[in-house]
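Given next are the chains, with one letter for each unit.
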Amino acid sequence: MAALRLARRVPKAWVAAGLFLAWRLLRRDRRQRVPFTGRKHVVLVPEAVERALGETTFARLLASKRRVPESDPRARRVAALGAAIVRAAAAGDGAGGDVDHLRDAAWRFVVLDDPAVNACALPGGKVCVNAGLIDRLAG
């Protein structure tokens, strides 16, 4: 009964807009198959917007934290592992999964001079690993 009263108060334009939005979000061309699992998911944010957010966040992160020099063994190890990940991503999963968005990524792997056990991957191929995580794994 309460739902019926609420439905009478909601403008028809809002209902139409909600239905249109749901249709836009669930359209087949906005769906991708996830590699390895085969499940489908809806892509809500356009790739260009996602990459721009990744670039902005990465720049802010680098401005707020010190980096380990590239000559540091930890940074060299992360760079080597990152290169292996990039090669694997470029090769794809062999089962037709959607990995095309990874091929154009401007990959960058950075070790941050932070004792916290943490890491992050940002859109567009930006990966940050805290030195604390590497030290914990090595020790």
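Higher on the page you've got the structure.
Engineer: Looking at this model, I keep getting lost on the overall build of the protein. Mind explaining?
Structural biologist: Helix and strand counts for the protein come out as 6 helices and 5 strands. In the protein, the order of α-helices and β-strands from amino to carboxyl end is α-α-β-β-α-α-α-β-β-β-α. By residue count, 24% of the 139 residues in the protein fall in the buried class. The contacts in the protein between residues at least 6 apart in sequence include a share of 44% that link residues at least 24 apart. By element, 61% of the accessible surface of the protein is carried by carbon and sulfur atoms, the whole surface being about 9,900 Å².

Engineer: Help me understand the side chain of Asp72, please; the structure alone is not making it clear to me.
Structural biologist: Note on placement: Asp72 falls in the loop between α3 (47-64) and α4 (73-91). Judged by relative accessible area, which is 16%, Asp72 ranks as buried. At 2.7 Å, the side chain of Asp72 and the backbone nitrogen of Arg74 are in polar contact.

Engineer: How should the pattern of salt bridges be read in this particular structure?
Structural biologist: Two side chains with opposite charge may pair up if their charged atoms get near one another. In total, this model carries 5 salt bridges according to the counting rule given. Between Asp114 and Lys65 there is a salt bridge; the shortest N-O distance is 2.6 Å. With Asp114 in the loop between β3 (108-112) and β4 (119-122) and Lys65 in the loop between α3 and α4, this residue pair connects regions lying 49 residues apart in the sequence. On the accessibility criterion, Asp114 (12% relative accessible area) is buried. One salt bridge connects Arg74 with Asp72, and the closest N-O pair in it is separated by 3.1 Å. A relative accessible area of 24% places Arg74 in the partly exposed class. Here the residues in one salt-bridge network are Asp72, Arg74 and Asp135, joined through shared partners.

Engineer: In this structure, what is going on with helix α6 (residues 131-138)? I would like to understand it.
Structural biologist: Residues Ala131, Gly132 and Ile134 constitute the buried set of α6. Seen end-on, α6 carries its buried residues on one side only, within an arc spanning 160 degrees. Facing away from the buried surface of α6 by more than 90 degrees, the exposed residues are Arg136 and Leu137. Where α6 is buried, its residues contact α4, β3 and β5 (126-130).

Scoring rules and cut-offs
Residues numbered from 1 in each chain as written. Predicted model: local features only at pLDDT ≥ 70, side-chain atom pairs only at ≥ 80, totals over all residues. Heavy atoms only, no water. Helix = DSSP H or I, 4+ residues; strand = E, 2+ residues; numbered from the N terminus. Buried < 20%, exposed > 50% of the residue type's maximum accessible area, 1.4 Å probe, protein only. Contact = heavy atoms within 4.5 Å. Areas by Shrake-Rupley, 256 points an atom, 1.4 Å probe, with all protein chains shown as cover. Polar contact = N/O pair within 3.5 Å; in protein donor to acceptor, adjacent residues only side chain to side chain. Salt bridge = Lys/Arg side-chain N within 4 Å of Asp/Glu carboxyl O. Arc of directions from axis to C-beta.

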